[in-house]
Amino acid sequence: MLLTHSFFILRYQTSVCSQVECLWEIVEGLRGGFSNVLEPQKQEGYMLKRRKWPMKGWHKRYFFLDKGILKYGKCSADIEKGKLHGCIDVGLSVMAIKKKAKCIDLDAEENIYHLKIKSQELFDEWVSKLRHHRLYRQNEIAMYPNEKSFYHPHYPSPNSPSMAESASIRKVYLCAIQHTVNENYLVLFKAKTHAYLLELNHLLQSMEVLHRTYSAPSIQALQVSTLFNMQSWFKQDSVDESRPLVHQVSNESRASITESLSEFFDAQEVLLSASSSENEVSVSLPVLPDILYCLCPGSVEEGTVLCQRRSCLPTPSPNNSTISLWNILRNNIGKDLSKVTMPVQLNEPLNTLQRLCEELEYSELLDRAANTQDPFERMVYIATFVVSGYASSYYRTGGKPFNPLLGESYECDRPDKGFRFVAEQVSHHPPISACHAESKNFIFWQDVRCKNKFWGKSMEIVPVGTTHVTLPGSGDHYEWNKVTSCIHNILSGQRWIEHYGEISIRNSSSDICQCKITFVKAKYWNSSVNEVEGTITDNKGKVIHRLFGKWNEAIFCGDPPSATCIWRANAMPVDYEQYYGFTKFAIELNELDPSLKLLLPPTDTRLRVDQRLLEEGNLEAAEEQKQRIEQLQRERRRVLEENNETHQPKFFRKSKDDTWVSNNTYWELRKDPGFTHIDFPTLW
C-alpha cells in the first residue's frame, strides 16, 4: 500500500515538473537597492537565433557577453573587428526561458530576440551567465546612474528619447529600482520627440501643399433634393469614379497663395475623392459634421427616416494606471492571452466582432474599385482598402476589445455607406470570429483566428485566416492574408503599435495581376515608422503600379513627387485621447437606438450588459457583470460537454475548405422583429 502511494506521489511530481518545463519562466532581476555583485566572467559562443522578419527559420550567430551587454555577429572575428549584427543590454531586457525547448527570449523593447541552444549543458551555462550579467548590469545602473555606460545599445529605437532627456530618465529608472519594483519590466520612458516630429512633418506637408499650384477636380453637379443624394455626398461619390489614376498638374501660375485659395474655394465645395492628388486641398462639405443620414429602423424599402448618429461616447475612458499589469501577465509569458481573464478596466467598450466591422470604415474604396474598368487600377483600390483597415489601430493601444462569447453576434446596417454587415462568434476554443458584409458593389467576408502572445514588454497579435472580397460587376474574387501586429511598452512608458509583414493579394478569378504590400518593420537607425510599400505586377512580373505611404495617414500611387493620393485617413474627433482613441466610425458602432433594439437578436453585442456599463462609466457594475457573464459561458460549455454536443452557429456554416461563411439567413430572419421564432442561448 505504501509502495503504491509513493508511486502515485512520484508520478504526480513528474507530471508537475513536466508541465513546468513546458512553460515560460520569467528570470528575476535585482530587487531593492544596489548591492555587491561580483563582476561576471565573459561568456561567448554560438547560439541559434530566429531570423528577423521577413525571413523565416533560425540561423547560427556568435554571441559575446561582457558586463551585461550581449553582442552578436556572424563569427568571433566579426565581434573582434566591431562588425556587429546587434547589441542587447540584458540589464534593460525582460528575460524568459523555456527549459524543455532550451529557448531563451530577450524582450529589448525595440525587438524580441528568440534564442535557442541544442545542448542542455550549454543552455544551463548560458542561462546561469545571463542571470549573473543581468544582476551585475542592473546593479551598475543603480549605483552609477549618471555614467555614460547606461546608454550602451548602439542603435536607438524609432521612439527613443533624446540625449537632453537622459538625466531625468536615469533618475526615474533609479528611483523605480530603489522602491523595490521589479526593474525587469521598467523601460526608459519614451519621450514625445517622435510625436512632435510627426506633428512638424504634417505642418511642413501642409505648407508645401499651400505653396503648390492647384487644379480643381472634375465635379459633377450635386443634386441634394433626395436622401440618396445626401448619402452619396457623404460617400464621396460626387466625384467621377471612373477617372483614371492620373496626377493633376496645373499649367497656370498663381500670383499668391491667397489668390490660389480664393479661386479654389470659389468652386463648388466637395469632399475630395480618393483619386484626388496630393497637390489638391481637401475641403469639407458645408453641412453639420455630427449628422449622418440613414434609414431607420430598417431597409430602403421601409421608407426614408432621418436619424442622428452620436459624435461622442457617454463617458471618457477610465484611468487604469492603478492596475498592475505585471501581476496579471507575469505568469503568461509566451502564452495566448485570449485565454487570460483581464479586469474590465483594461477593455474598451467595443467587441472583437465590432472591430472586424471597423475594417469597412473606408468601404468607398471598394465601391470605387467596383466602378473601375482597368483591372490594375482596381487592384490599386483593393490594396489601398486593405491598408486602410489598419488606420484606426494607431490610437488604440490603451485598451483591448471584449472577447466575444460563443454565439454572440453583431449587425451593422449602414445605408449611408451602402453596406450591411453581420458577424458571429462561431468557436470559443480556438476563438474564431466570422463576418460577412454585402452591398450592390461588393461582398466582403472572413473568419479570423488571432493568437496573442506576451513577451515581457511587448504583445504580438498574429492573425490566421484569409479575407475575401468579390466584385459582382467584374467577377473578380480577391483574397489576402493579414500581417503581425505588436504593441510595445505594455508595462510602462508610451505604448505604440507596429504592424509588420507582407500581404499578398491575388485575384482567384484571373491571373492578369497580383499585388504584394509590405508593412515595413521599424529599424533602430531610422526614425521612420508605419511605412507601407507595395507593387502591382502583371502575370509576367512587370511592375505596373507602385504604392507607398503610411498605414495611419495616407497611401499614394506612383513615384514622388508626381504620385497620386489614393486615400487619406479621416480626421480624429475632438478629445479622442480621452475616449479610448476611437474614430468617429468606432464611436457609432456600439450606439443603440431604441427603435433598433426591438429588431436585434438577443445575442447582439450592443445588448451585452458589461460592455454597455463600461461605456457608461460604471466600472464596478461592469466588472461584476463581466464575471457573471463569463461564468454563464463556462456553465454552458460544461452542459454541452456533458451531453456530448457541440455549439451550432445560427448565421454561419463551415465551407468545404474548413472556413466559416455566411448561410445567408440573417437578413431574412430579421424581418421577424427580435428573431422571436429562433431559440437562442442566454448569453447575459
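If you're wondering where the values come from, they're calculated on a predicted model, not measured in any experiment. (Residues numbered from 1 in each chain as written. Predicted model: local features only at pLDDT ≥ 70, side-chain atom pairs only at ≥ 80, totals over all residues. Heavy atoms only, no water.)

**Student:** Please explain the overall build of the chain as it appears in this structure.
**Tutor:** Summing up its helical and strand segments, the chain has 16 helices and 26 strands in all. The buried share of the chain, reckoned over its 684 residues, is 50%. A separation of at least 24 residues holds for 62% of the contacts in the chain among residues at least 6 apart in sequence. Summing over all exposed atoms, the chain offers an accessible surface of approximately 32900 Å²; the carbon and sulfur share of this is 53%. (Helix = DSSP H or I, 4+ residues; strand = E, 2+ residues; numbered from the N terminus. Buried < 20%, exposed > 50% of the residue type's maximum accessible area, 1.4 Å probe, protein only. Contact = heavy atoms within 4.5 Å. Areas by Shrake-Rupley, 256 points an atom, 1.4 Å probe, with all protein chains shown as cover.)

**Student:** Looking at this structure, I do not really get helix H15 (residues 619-642). What am I missing?
**Tutor:** Each full turn of the α-helix corresponds to 3.6 residues, which orients residues three or four apart in the same direction. Taking 1.5 Å as the rise per residue, H15 with 24 residues should run 34 Å; its terminal C-alpha atoms sit 35 Å apart, in good agreement. Within H15, burial applies to Ala-622, Gln-625, Lys-626, Ile-629, Glu-630 and Gln-633. Of the surrounding elements, those touching the buried residues of H15 are strand E9 (347-351), strand E10 (400-402) and helix H14 (609-615). Downstream of H15 by a residue or two, Asn-644 has a phi angle that is positive, lying close to 55 degrees. (Expected span 1.5 Å × (residues − 1).)

**Student:** I keep staring at helix H11 (residues 375-388) and nothing clicks. Help me out?
**Tutor:** Taking 1.5 Å per residue as the helical rise, H11 with its 14 residues ought to reach 20 Å, and the 20 Å between its terminal C-alpha atoms agrees with that figure. Burial of H11 is extensive: 13 of the 14 residues sit out of reach of the surface.

**Student:** Is there a simple way to explain the sheet that holds strand E8 (residues 112-116) in this structure?
**Tutor:** Pairing between the strands of a sheet is mediated by backbone hydrogen bonds and can be parallel or antiparallel. Overall, antiparallel pairing links the eight strands, which are arranged E1-E6-E7-E8-E2-E3-E4-E5 in an open sheet. Sheet topology places strand E1 (25-26) and strand E5 (86-89) at the edges, where each strand pairs with a single neighbour. Inspection of the sheet shows strand E3 (residues 58-66) paired to strand E4 (residues 69-73) by five bridges, in the antiparallel sense. Within E4, the position partnered with Phe-64 by the bridge is Lys-71. Along the sheet face, helix H3 (residues 120-143) touches E1, strand E2 (43-50), E3, E4, E5, strand E6 (94-98) and strand E7 (103-107) and points at about 165 degrees away from the line of E6. (Pairing = 2+ DSSP bridges. Axes fitted to C-alpha atoms, helices over the stretch in contact; angles between N-to-C directions.)

**Student:** Whenever I open this one, the nonpolar core confuses me. Can you help?
**Tutor:** Side chains that are nonpolar tend, in soluble globular proteins, to be buried together. Counting residues in hydrophobic clusters, the biggest one holds 85 residues, and the most contacted among them are Leu-360, Phe-421, Trp-480, Ile-503, Ile-505, Ile-517 and Phe-519. In terms of residue count, the dominant contributor to this core is H11 (nine residues). When sequence neighbours within four positions are dropped, the list of residues in contact with Trp-480 reads Ile-382, Phe-385, Val-386, Gly-465, Thr-466, Thr-467, Val-469, Ile-503, Ser-504 and Ile-505. (Core = buried A, V, L, I, M, F, W, Y, C linked by side-chain atoms within 4.5 Å.)

**Student:** Would you mind going over the pairing of strand E14 (residues 443-454) with me for this structure?
**Tutor:** Within a regular strand, side chains alternate between the sheet's two faces. Bridge count between strand E13 (residues 432-439) and E14: six bridges; the pairing is antiparallel. When the sheet's bridge partners are listed, Glu-438 is paired in E14 with Ile-443. Where E13 hands over to E14, the hairpin turn is made up of three residues, counted between the paired strands. Where E14 lies against strand E16 (residues 467-471), four bridges are found, and the strand directions are antiparallel. Each residue of the ladder has a partner; that of Trp-445, found in E16, is His-468.

**Student:** Please explain unusual backbone geometry as it appears in this structure.
**Tutor:** With the exception of glycine, most residues fall at negative phi, and the peptide bonds are largely trans. Look at the link from His-429 to Pro-430: it is a cis peptide, with omega at 0 degrees. On the secondary structure map, Pro-430 appears in the loop between strand E12 (419-427) and E13. Of note, the bond from Pro-560 into Pro-561 is cis; its omega dihedral lies within 30 degrees of zero at 5 degrees. Residue position: Pro-561 is located in the loop between strand E23 (554-557) and strand E24 (564-568). Phi at Phe-675 is positive, roughly 55 degrees, even though this residue is not glycine. Relative to the helices and strands, Phe-675 is located in the segment after helix H16 (666-669).

**Student:** Is there a simple way to think about the side chain of Lys-49 in this case?
**Tutor:** Considering the arrangement of structural elements, one finds Lys-49 in strand E2. Look at Lys-49: it is buried, it has no salt bridge, and the nearest opposite charge is Asp-105 at 11 Å. Not counting residues up to four positions away in its chain, the partners in contact with Lys-49 are Gly-57, Trp-58, His-59, Phe-63, Tyr-72, Tyr-113, His-114 and Leu-115. (Lys, Arg positive; Asp, Glu negative; His and termini not counted. Salt bridge = Lys/Arg side-chain N within 4 Å of Asp/Glu carboxyl O.)

**Student:** Would you take a moment to explain the UniProt feature "coiled-coil region" (unreviewed entry) in the chain for this structure?
**Tutor:** As annotated in UniProt, the feature "coiled-coil region" (unreviewed entry) corresponds to residues 612-642 in the numbering used here. In this annotation, residues 612-642 is assigned 90% helix and 0% strand; the end-to-end C-alpha distance for the span is 32 Å. (UniProt positions renumbered as here; feature names shortened; annotations may be inferred.)

**Student:** Mind showing me how you'd approach the packing of aromatic side chains here?
**Tutor:** Geometrically, a pair of aromatic rings is defined through the distance of the ring centres and the angle of the planes. One pass over the structure, following the stated rule, counts 19 aromatic pairs. With centroids separated by 4.9 Å and ring planes inclined at 80 degrees, the aromatic side chains of Tyr-46 and Tyr-62 adopt a geometry described as edge-to-face. Of this pair, Tyr-46 sits in strand E2 while Tyr-62 sits in strand E3, placing them 16 residues apart in sequence. Classification of Tyr-62 by relative accessible area gives buried; the value is 12%. Over the aromatic face of Tyr-500 sits the side chain of Lys-521, whose NZ or CZ is 3.9 Å from the ring centroid. Against the face of Phe-680 rests Lys-650, its NZ or CZ located 5.8 Å from the ring centre. (Phe/Tyr/Trp six-rings, centres within 6.5 Å; stacked < 30°, edge-to-face > 60°. Lys NZ or Arg CZ within 6 Å of the ring centre and 35° of its normal.)

**Student:** Any chance you could explain the pattern of salt bridges here in plain terms?
**Tutor:** When the charged atoms of two side chains with opposite charge come close together, those side chains can pair. By the definition in use, this model includes 30 salt bridges. With its nearest N and O atoms 3.3 Å apart, the salt bridge here joins Arg-506 to Glu-479. Linking Arg-506 in strand E19 (residues 496-507) with Glu-479 in strand E17 (residues 476-480), this pair joins segments that are 27 residues apart in sequence. Look at Glu-479 and you get buried, because its relative accessible area is 16%. Arg-606 is paired through a salt bridge with Asp-604; the nearest N and O atoms lie 3.1 Å apart. There is no split in this pair, since Arg-606 and Asp-604 are both buried. One continuous salt-bridge network, built from bridges that share partners, spans Arg-309, Arg-414, Asp-416, Lys-584 and Glu-588.

**Student:** I'm lost on the side chain of Asp-416 in this one. Help?
**Tutor:** Secondary-structure assignment places Asp-416 in the loop between strand E11 (409-414) and E12. Residue Asp-416 is classed as buried on the basis of its relative accessible area, which comes to 4%. Within the structure, Asp-416 has its side chain in polar contact with the side chain of Arg-414 (distance 2.8 Å). (Polar contact = N/O pair within 3.5 Å; in protein donor to acceptor, adjacent residues only side chain to side chain.)

**Student:** Could you clarify how one ought to interpret the state of the cysteines in this entry?
**Tutor:** Note: disulfide means a covalent bond formed between the sulfur atoms of two cysteine side chains. For the structure on display, the rule yields zero disulfides. For the unlinked cysteine Cys-357, the closest cysteine sulfur is that of Cys-412, found at 3.8 Å. The class of Cys-357 is buried, set by a relative accessible area of 0%. You can see Cys-435 has no disulfide; the closest cysteine sulfur is in Cys-357, sitting 8.2 Å from it. A residue is classified by how much of its surface remains accessible, and Cys-435, at 0% relative accessible area, is buried. (Disulfide = S-S within 2.5 Å.)

**Student:** How should I be thinking about the pairing of E5 in this particular structure?
**Tutor:** Where burial is concerned, the two faces of E5 agree: the one with Gly-86 and Ile-88 and the one with Cys-87 and Asp-89 are both buried. Bridging between E4 and E5 involves four bridges; their strand directions are antiparallel. By the bridge assignment for E5, Ile-69 is matched with Asp-89.

**Student:** Just to check I follow, could you spell out the environment of Lys-99 for this structure?
**Tutor:** Position of Lys-99 relative to the elements: it lies in the loop between E6 and E7. C-alpha of Lys-99 to C-alpha of Trp-24: the two residues are 75 residues apart in sequence and 7.8 Å apart in space.

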